[in-house]
Amino acid sequence: MGSQGGFGQSKEFLELVKSIGESRSKAEEDRIVLHEIETLKRRITEPDIPKRKMKEYIIRLVYIEMLGHDACFGYIHAVKMTHDDSLLLKRTGYLAVTLFLNEDHDLIILIVNTIQKDLKSDNFLVVCAALNAVCKLINEETIPAVLPQVVELLGHPKEAVRKKAIMALHRFYQRSPSAVTHLVTNFRKKLCDNDPGVMGATLFPLFDLILIDVNSHKDLVASFVNILKQVAERRLPKSYDYHQTPAPFIQIKLLKILALLGNGDKQSSGQMYTIIGDIMRRSDTTSNIGNAILYECICCVSSIHPSPKLFTAAADAIAKLLKSDVHNLRYMGIDALGRLIRISPEIAEQHQLAVIDCLEDPDDTLKRKTFELLYKMTKPSNVEVIVERMIEYMISINDYHYKTEIASRCVELAEQYAPTNQWFIQTMNKVFQHAGDLVNPKVAHNLMRLIAEGFGEDDDDDDDTEDSQLRSSAVESYLRIMGKPKLASTFLQVICWVLGEYGIADGKYSASYISGKLCDVAETHPSDDTVKAYAVTALMKVCSFEEAAGRKIDMLPEFQSLMESLTASHSTDLQQRAYELQAFINLDPDAINNIMPFDASCEEIEIDKSLSLVNGYIEKSLKDGAQPYIPEQERSRTLNISNFKNQDASSHSLKFVAYEVPKPVIPRMPPKVLSSAELVPEPDPFYQREVHRSPSVGSISDTQQLRLRLDGVQKKWGQPSTTAPSTSEPESYLVNGSPEVEVSEEKQKLAGLLFGGISSRGEKKQSQSGGQTKGSKVPRHVVDQMGQVKPAPDLIDSGSSVASSSSSMVDPFKQLEGLLLDTSHKGPDFMCINSDTCNQNQNHDGSSDGSSNLNNRVGPLPTKGPNLKEALGKDALVRQMGVTPTTQNPNLFKDLLR
């Protein structure tokens with residue numbers, strides 16, 4: 001041992017390991033490894049190397065690969081070692097090739113024959129080594145070469161071989177399901193194997209099969225329940241115990257399988273109730289593995305057909321987890337509570353103070369999980385508090401990925417449960433201001449559309465007044481926000497659009513003041529052409545409204561300076577807008593009023609989709625020799641479009657025929673010189689973009705009135721709670737028989753806002769819907785239980801609202817002052833143990849698609865494929881909104897309408 005260095009390795013190798021371990025920098029480590037690579041390259045090619053030395057060289061190559069360096073020069077020697085008759089050398093060779101090679105490596109073909117031979121070996125250790133290589137190296141093409149031999153090994157007398165054969169077949173199924181579909185019955189048979197290890201290995205391929213087709217495996221419910229019962233009753237050997245828990249990983253996998261089989265099946269779920277209840281009672285909550293089994297039981301209870309007794313037991317288990325001082329266990333409790341509230345929303349009220357404690361915990365991971373729970377339990381009565389807390393948390397974090405997720409959730413909840421339009425606009429302003437460009441651009445379009453449409457009732461004078469107040473408040477808020485630094489580009493576009501449309505509508509601000517603000521926006525963002533384009537279009541609107549009102553336009557110096565700089569801009573779009581604005585100012589008021597009518601952003605535009613106005617031009621051009629227009633998808637891959645009709649399509653393809661023998665040169669007359677008109681292809685006719693718009697609003701029918709629509713949004717569970725926040729003396733709460741704990745007044749107020757007040761465990765709060773009030777409107781866009789979308793009304797104007805008295809309303813934001821703590825520590829994550837696949841909650845996307853509503857203005861559109869005529873319609877519409885396309889291609893601006 002002393003001379004050889006220990007473990008049969010040379011002293012030189014152990015010195016290498018020691019020197020690398022003692023290296024003080026990555027550069028020093030790389031220098032040592034590179035020197036070792038050069039040494040091995042020289043020694044491994046020497047003739048007549050002893051097998052013991054070659055084994056050490058292969059191990060040193062493995063060590064080099066582990067350190068991140070390339071040792072491909074020794075791969076072939078590892079492959080050769082798998083052919084050796086010595087068991088030690090063969091297993092070393094198999095170990096090396098499984099680490100060196102992947103399933104698509106060129107050297108795989110050299111070891112297939114060796115694997116086939118070793119699978120038939122009488123030594124089960126050789127067979128196990130070959131099966132290990134099969135799981136790692138056999139690809140889809142080589143599966144048929146070893147599949148029959150692997151199937152035969154399912155009946156091998158050694159349990160280790162049978163287990164590895166099951167694992168190999170499972171790997172084959174993952175790579176090529178069609179190759180082993182006829183072997184599903186073998187998995188069922190091995191479920192009854194006498195060895196628990198073989199049975200446990202069989203659970204994994206069966207789990208994958210059940211995920212794909214549940215109904216064909218319903219007959220195995222009794223078998224799985226029987227196996228789980230035997231495991232729970234400690235009938236397995238002691239060697240399968242882990243921390244005094246009988247085969248915990250087998251129990252977890254069986255519970256996952258039962259959750260799939262019992263989902264929506266009352267009969268199958270009835271067979272599971274007893275054993276699940278027994279496991280929950282026997283679980284050891286003092287160890288992590290016992291809590292993992294308990295958590296999996298709760299997940300199973302939330303998935304199968306509900307059982308009142310099991311549901312109560314699960315609620316008690318969640319209470320124990322939430323009371324724990326260990327963050328990992330509280331994290332599991334919050335996650336389990338989120339699963340149970342899908343079945344019974346009232347259960348959250350039993351643990352409201354524990355949820356608030358988790359929300360204020362310094363552990364960032366626990367706080368994020370609590371926000372996910374609050375997102376699931378949001379309803380109209382608590383949306384303001386939850387969204388406010390989420391925005392505060394979004395401001396405090398620097399993780400851009402999670403900040404994007406929080407911003408999207410705030411937008412979704414605001415669009416789905418907004419009590420008033422004013423609150424929705426203020427919330428969107430906060431999200432844009434603090435999340436910036438992380439917000440989806442569709443949100444900006446929805447916000448502009450909401451401001452333009454207002455409450456959506458054209459015949460109601462009260463709604464007109466509210467719409468004016470809404471727009472005035474939006475203008476005032478944006479004028480305050482404009483002075484803040486680092487505003488997102490998308491938000492600046494919204495600001496410019498609102499100031500252009502409604503900046504001088506109520507007469508509170510002069511045109512000069514609004515124009516100066518817009519010029520400041522354009523000058524402070526010189527590199528953002530999109531923002532400058534919005535600013536120029538907004539200036540055009542302000543000038544048009546002044547001219548239409550008969551007032552003289554005051555040309556500010558900064559206005560003139562901006563126009564001079566834009567007319568010389570490198571952007572053709574900005575040049576076009578600047579020249580259009582200059583020409584626009586010189587028109588008479590009647591022409592300006594017809595081109596840019598006041599507050600016409602929601603009017604329906606009449607569009608001639610057939611473009612009959614250009615028919616005369618097309619006929620004249622065809623008679624003069626112009627070629628007909630060829631759609632882009634039908635054009636050939638040729639550069640010369642003018643000769644398209646005169647040339648055969650085959651002439652543009654590659655030719656493989658030999659060239660003809662050259663003929664003698666014969667003097668010819670000089671060719672006729674073609675005119676430039678014949679050489680240059682005539683351009684396609686350009687379709688004009690002028691659109692005749694009707695200034696009349698009254699011609700729009702009631703069925704065609706535009707509302708803020710959010711297609712695909714589903715209402716959350718529960719109705720608004722009518723229970724008023726508790727204003728009595730501080731109460732106490734009991735959790736699972738624990739002593740009463742005094743609750744601070746701040747937590748009582750927050751609990752009242754989130755849950756409707758502190759309630760005991762036995763209280764059942766029933767949701768009631770109040771009458772419709774003017775100041776509290778909830779969404780009407782509801783997806784019914786059959787999955788069919790009802791006609792989408794206005795997002796905010798709803799038929800149901802929270803019944804509350806305006807006199808008793810309390811500002812929820814003042815009640816939250818001082819409750820949010822600083823978050824800096826980020827704890828570990830503890831979800832589940834040995835879980836291959838975790839069920840994901842459905843992600844309800846509440847964001848609306850702006851293009852759907854805009855398309856409704858111009859008529860039904862096809863769902864797939866480009867259409868240039870309809871693109872012209874969209875182009876006319878965005879011009880109505882004050883945006884001009886950048887080029888002559890009407891498709892280039894379709895991203896605004898998405």
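Residues numbered from 1 in each chain as written. Predicted model: local features only at pLDDT ≥ 70, side-chain atom pairs only at ≥ 80, totals over all residues. Heavy atoms only, no water.

As annotated in an unreviewed UniProt entry, the protein carries the name AP-4 complex subunit epsilon and comes from Lactuca virosa. Here the protein is described in UniProt, under the heading Sequence similarities (unreviewed entry), as follows: "Belongs to the adaptor complexes large subunit family." UniProt's Subcellular location (unreviewed entry) comment on the protein is quoted here verbatim: "Endomembrane system". (UniProt positions renumbered as here; feature names shortened; annotations may be inferred.)

Novice: Help me out: how do you make sense of the packing of aromatic side chains in this one?
Specialist: Two numbers describe a pair of aromatic rings. These are the distance of the centres and the angle of the planes. Enumeration according to the criterion identifies nine aromatic pairs in this entry. Ring centres of Tyr478 and Phe491 lie 5.8 Å apart, and the angle between their planes is 80 degrees; on these two criteria the pair is classed as edge-to-face. Pair noted here: Tyr478 is in helix α26 (residues 461-481) and Phe491 is in helix α27 (residues 489-502), with a separation of 13 residues, a long-range link. For the pair shown, Tyr478 and Phe491 are each scored as buried. On the basis of an interplanar angle of 75 degrees and a centroid distance of 6.1 Å, the ring pair of Trp497 and Tyr502 is categorised as edge-to-face. (Phe/Tyr/Trp six-rings, centres within 6.5 Å; stacked < 30°, edge-to-face > 60°. Helix = DSSP H or I, 4+ residues; strand = E, 2+ residues; numbered from the N terminus. Buried < 20%, exposed > 50% of the residue type's maximum accessible area, 1.4 Å probe, protein only.)

Novice: It is not clear to me how helix α20 (residues 352-359) should be interpreted in this structure. Could you clarify?
Specialist: Quick reminder: α-helices carry 3.6 residues per turn. Residues three or four places apart thus point the same way. When you tally the buried positions in α20, you get seven out of eight residues, the bulk of the element. Of the positions making up α20, those classed as buried are Gln352, Leu353, Ala354, Val355, Ile356, Cys358 and Leu359.

Novice: It is not clear to me how the packing of helix α13 (residues 248-261) against helix α16 (residues 288-303) should be interpreted in this structure. Could you clarify?
Specialist: The packing of two helices is summarised by the inter-axis angle and the distance between the axes. Following both chains from N to C, one finds α13 and α16 inclined at 10 degrees, their axes separated by 9 Å at the closest point. It follows that α13 is roughly parallel to α16 by the angle criterion. Note on element contacts: α16 touches α13 through Ile289, Ala292, Ile293, Glu296, Cys297, Cys300 and Ser303, opposite Pro248, Phe249, Gln251, Ile252, Leu255, Lys256, Leu258 and Ala259. Classifying every residue of the contact of α13 with α16 gives eleven nonpolar, two polar and two charged. (Axes fitted to C-alpha atoms, helices over the stretch in contact; angles between N-to-C directions. Parallel < 35°, antiparallel > 145°, perpendicular 65-115°, else oblique. Contact = heavy atoms within 4.5 Å. Nonpolar A, V, L, I, M, F, W, Y, C, P; charged D, E, K, R; others polar.)

Novice: Sorry if this is basic, but what is going on with the pattern of salt bridges here?
Specialist: Two side chains bearing opposite charge may form a pair once their charged atoms approach each other closely. Per the counting criterion, the structure on display carries 30 salt bridges. Note that Lys238 is salt-bridged to Asp241, the shortest N-O span being 3.9 Å. The class for Lys238 is exposed, based on a relative accessible area of 68%. Where Lys369 meets Glu372, a salt bridge forms, and the shortest distance between an N and an O atom there is 3.2 Å. Of this pair, Lys369 and Glu372 both sit in helix α21 (residues 364-376), three residues apart, which is roughly one turn of the helix. It is possible to trace a salt-bridge network through shared partners that takes in Glu12, Glu36, Arg43, Glu56 and Arg60. (Salt bridge = Lys/Arg side-chain N within 4 Å of Asp/Glu carboxyl O.)

Novice: Can you walk me through the packing of helix α1 (residues 11-21) against helix α2 (residues 26-43) in this structure?
Specialist: Look at α1 against α2: their axes get within 10 Å of each other, and the N-to-C directions meet at 160 degrees. Considering the angle they form, α1 stands roughly antiparallel to α2. When you trace α1 past α2, the crossing you get is left-handed. Across from Glu12, Leu16, Ser19 and Ile20 in α1, the residues of α2 making contact are Glu29, Ile32, Val33, Glu36 and Arg43. Grouping the constituent residues of the contact of α1 with α2 by class yields four nonpolar, one polar and four charged. (Left-handed = near helix turned anticlockwise from the far one by under 90°.)

Novice: Can you walk me through the confidence of the model for the protein in this structure?
Specialist: Do not read the predicted coordinates in detail wherever pLDDT is low. Residues of the protein with pLDDT of at least 70 account for 69%, and the chain-wide mean is 75. Here residues 758-864 is a poorly scored stretch, pLDDT under 50, and it has 251 contacts once near neighbours within four places are set aside; other chains count. (pLDDT = per-residue confidence, 0-100.)

Novice: Help me understand unusual backbone geometry, please; the structure alone is not making it clear to me.
Specialist: Glycine aside, residues mostly have negative phi angles, and peptide bonds mostly take the trans form. Phi at Asp48 takes a positive value of approximately 55 degrees, unusual for a residue other than glycine. Structurally, Asp48 can be placed in the loop between α2 and α3 (51-66). Taking the relative accessible area as the measure of exposure, Asp48 reaches 77% and is therefore exposed. Although it is not a glycine, His243 adopts a positive phi angle of roughly 55 degrees. Checked against the element boundaries, His243 lands in the loop between β1 (241-242) and β2 (245-246). Classification of His243 by relative accessible area gives exposed; the value is 53%.

Novice: Can you help me understand the environment of Glu296 in this one?
Specialist: Inspection of the secondary structure assignment puts Glu296 in helix α16. As for Glu296 and Leu254, which are separated by 42 residues in sequence, their C-alpha atoms are 9.8 Å apart.

Novice: When you look at the nonpolar core in this model, what are you seeing that I'm missing?
Specialist: Most often, soluble globular proteins keep nonpolar side chains buried together rather than apart. By size, the foremost hydrophobic cluster in this structure holds 219 residues, and its most contacted members are Phe172, Phe224, Ile276 and Tyr478. Setting aside chain neighbours within four positions, we find Phe224 in contact with Leu191, Leu203, Leu206, Ile210, Leu254, Ile257, Leu258 and Leu261. (Core = buried A, V, L, I, M, F, W, Y, C linked by side-chain atoms within 4.5 Å.)

Novice: I'm lost on helix α22 (residues 383-396) in this one. Help?
Specialist: Taking 1.5 Å of rise per residue, 14 residues should cover 20 Å, and α22 covers 20 Å from first to last C-alpha, within 8% of that figure. Within α22 the residues assigned to the buried category are Val383, Val385, Ile386, Val387, Glu388, Arg389, Met390, Ile391, Tyr393 and Met394. (Expected span 1.5 Å × (residues − 1).)

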